[in-house]
Amino acid sequence: MLTQLAIWVGGGFLASLALNRALPGLGTGRVQDWIKNTGTVGMFGYYILATVLVLLVDYYVGFLMGANMPEWFKSISLLGSTRLPFLAWLLHGIVMFGVAGFIFRALGRSVGTELSRKMFRQMPITASFGILTILIYVIVAVFADIIAPYGQAEVFDRINLLPGGNPDLGGDPSHPLGTDQIGRDLLSRLIFGAQNTVGIAFVTTCLAFFIGASLGFLAATLGGWFDQFLSRIVDMLMAIPQLIFALLLMTIATAWAGSERWLITIYMILIIAVLDSTRVFRLSRAVGMNIVVMDFFEAAKLRGENLSYLVFREILPNAYAPLLAEFGLRFCFVFLTIAALSFLGIGIQPPLADWGTMVKDLSQFINFAAFSPLTAALPLLAAGAIALLTVAVNFVVDWMLHRSSGLKE
Amino acid sequence: MAGIGLIIIKRLGLGLLTMLMVSILIFGAVNLLPGDFAQAILGQGATPEAVQAIRRDLGLDQPLVERYFTWLFGVLQGDFGNSFAELNFSSYGGTTASANFGSVADKLAPRFNNTMFLAGVTALFAVPVSILIGVLAALYRNSIFDRVANITTLTSISSPEFFLAYILILILAVLNPILPSLSNIYDGMDFADRLERSMLPALTLTLVVTAHMMRMTRAAIINLLASPFIEMARLKGLSPFRVILFHALPNALAPIINVVALNLAFLITGVVVVEVVFVYPGIGQLFVDSVKIRDIPVVQACCLLFAAAYILLNLTADIMAILSNPRLRHPK
């Protein structure tokens, strides 16, 4: 207890000292100025204040969650109480991600071209956190084969190994997250889940955009009965809630696929792409309508340019910004729809590892939370992976929309 | 006032037309199935005679258009046909596929009530809370409260429903056993019990819907506060409280009603996943189960029901908007 206190106080003092000395080197900004003006002692004061505040909140939340605290405060809490590891993980996660986003932004401000530096300078912390997270996901997804210790369908002899890798508690160091009910390594499956779930969602979104945007622009350019025809079809498709319609079509798809289970995944991609392209169609048609009435478009038309030139060279470059923001949002929706379908058991099919199915398969473990928090965290890990990516994309899209709309508020 | 009546009747007509198109779409989609119902019921080893018999029983030997109208008129009278799963049972039991055996409507009715109960409880929580938070966030925009509300709601919108559901189970059912994590609801339960059992699913749905509603309410109010008549009221020197209560709120009612109706429509998708997580015996659960065993008539009926609710709520939002905003009554 005493050593802990010493570490806390000493570490805090060192940290405030380091912050004061090091930060001005990273450039100037409001935060840096503030830190410089406050001085080392002032910073330390804030640190103590923050600590006391955190401890108060900690005690209160701990009380709410039913942990009977003192003994003295379970040796300065957060990690102390056995019931609170989830909260502790959450807090640590948020702080870690916040710091990572901050460092990433500081890095982007000092490295790179003038343009990218300027972009990072204007970026809020949420957006830099979002970009960093997306980057990590992309790297994990692309290099899953190298990162993952085992293959996604590799089956081991020892089933239901507990996570943690401690042999005394029923774990195995070679399977840090344990194995599932038929003996597949969960860490590998989690990593491959990035490849499959994110990859399939990405392909689906691209397909939806290809279909929706090209038809939308065509409708805007051609107008007349073609426009009317497509718009009415889209109206009709949008009258049924998307997930419900997807479920109905998946019933038919499973009948078509018969015993060839992998076909179901392909059908799912097609079904969701078509259903989602309706939204893209609406947007790109609206954007296209505004471009079609411009003078430069009129001029191109009078020059006698053909249809593909009009769509891809005149409309597309001018519709780029709203479409890109929409791409982020649509990706989130597609990603969540696929995860929901997989969770319900009719999405991505077994040999492929994916997060939605993992959540479903591991969901019973949540009942062990009081005894083995790590085991209970497994389904939440997969679900959290889904949530984290969508949150990250949403943050970035929010920032992009804010920037392109020129809102300063 | 005759104008309003006409517009509403027109909207209702449009809604009916949409419903009709949707029913055609659903019916058409189901008929894309390879083989037909008879084959699906009997499976691979069916003799041609048995297939013929069932085809005759179900009226599958009629042309497609005629079958559609038979089905549609049945639906209009509350007859959704018979469930395949039950038909299977009856064929094993040696009875023929009679008209009154295991009808879809019988299966749907109790579950429909359950789902409506869940939706009702959710709405009861979500509507006041989200409107309150939304209005507060709009009034104190760009404050810490607004930022925190913004980030929290964005996170809860972005998370899949099952993630929120399991987090709630973890906190409220496993770590602190306050609420039951499974909602087994049966007929003849007393109200308090029923409410307790459906509390967790309702809370999950509340989280999802509140986020949407709060953000939309905030946007609507901010829009309103920027309008000239609010500025006028402020310049007259009225107290902020008075400005909000007597000038802003009556005008904000319209967008808020609209927001509520639209988000209740959004609830429909959420219901499916949440009911599966909590094993809540509602329509969503039935829908997913039927999709898995390919019980086509049930799937068809559930899909139609969800679509109807969706269209109805959107229609309500539309009509409310027209009623509350006179400008919409005179489209250019």
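Above this text sits the structure in question.
If you're wondering where the values come from, they're calculated on a predicted model, not measured in any experiment.

## Structural notes on helix α12 (residues 240-277) of chain B
An α-helix turns once per 3.6 residues; consequently, residues spaced three or four apart project the same way. Residue and element names in this part refer to chain B. Given a rise of 1.5 Å per residue, 38 residues ought to cover 56 Å, yet the end C-alpha atoms of α12 are separated by just 45 Å, more than 12% below that figure. Of all the bends in α12, the greatest reaches close to 50° and is centred on L249; the proline P250 follows between one and four positions later. Residue V279 follows α12 closely and has a positive phi angle near 50°.

## Description of the side chain of S128 of chain A
Residues and elements named next belong to chain A. Within the element layout of this structure, S128 appears in helix α6 (residues 125-142). When its relative accessible area of 0% is taken as the criterion, S128 is described as buried. When neighbours within four sequence positions are excluded, S128 is seen to be in contact with G101, F102, F104, R105 and M123.

## Let's talk about the packing of aromatic side chains
Here the structure, examined in full by the defined rule, presents 13 aromatic pairs over all chains. Between F343 of chain A and Y166 of chain B, the ring centres sit 6.3 Å apart and the planes meet at 70°, which makes this aromatic pair edge-to-face. In this pair, F343 of chain A sits in helix α14 (residues 320-343) while Y166 of chain B sits in helix α8 (residues 161-175), so the two residues belong to two different chains. The residues F343 of chain A and Y166 of chain B share a single accessibility class, namely buried.

## Points about the interface of chain A and chain B
Many analyses report the size of an interface as the accessible area lost when the parts associate. Facing the 49 residues of chain A at the interface are 47 residues of chain B. Of the roughly 4300 Å² buried at the junction of chain A and chain B (both faces included), carbon and sulfur atoms supply 79%. The interface formed by chain A and chain B contains 0 salt bridges. At the surface where chain A touches chain B, the tally comes to 4 residue pairs in polar contact (both at pLDDT 80 or more). At 11 residues, helix α10 (residues 242-257) of chain A tops the list of elements feeding residues into the side of chain A that touches chain B. Partitioning the side of chain A that touches chain B into residue classes produces 34 nonpolar, 10 polar and 5 charged.

Definitions and cut-offs
- Residues numbered from 1 in each chain as written.
- Chains lettered and ligands numbered in written order.
- Predicted model: local features only at pLDDT ≥ 70, side-chain atom pairs only at ≥ 80, totals over all residues.
- Heavy atoms only, no water.
- Helix = DSSP H or I, 4+ residues; strand = E, 2+ residues; numbered from the N terminus.
- Expected span 1.5 Å × (residues − 1).
- Bend = angle between axes of the 7 residues up to and from the residue.
- Buried < 20%, exposed > 50% of the residue type's maximum accessible area, 1.4 Å probe, protein only.
- Contact = heavy atoms within 4.5 Å.
- Phe/Tyr/Trp six-rings, centres within 6.5 Å; stacked < 30°, edge-to-face > 60°.
- Buried area = accessible area lost by both parts, 1.4 Å probe.
- Salt bridge = Lys/Arg side-chain N within 4 Å of Asp/Glu carboxyl O.
- Polar contact = N/O pair within 3.5 Å; in protein donor to acceptor, adjacent residues only side chain to side chain.
- Nonpolar A, V, L, I, M, F, W, Y, C, P; charged D, E, K, R; others polar.

Functional significance is not addressed by these values, which are geometric in nature.
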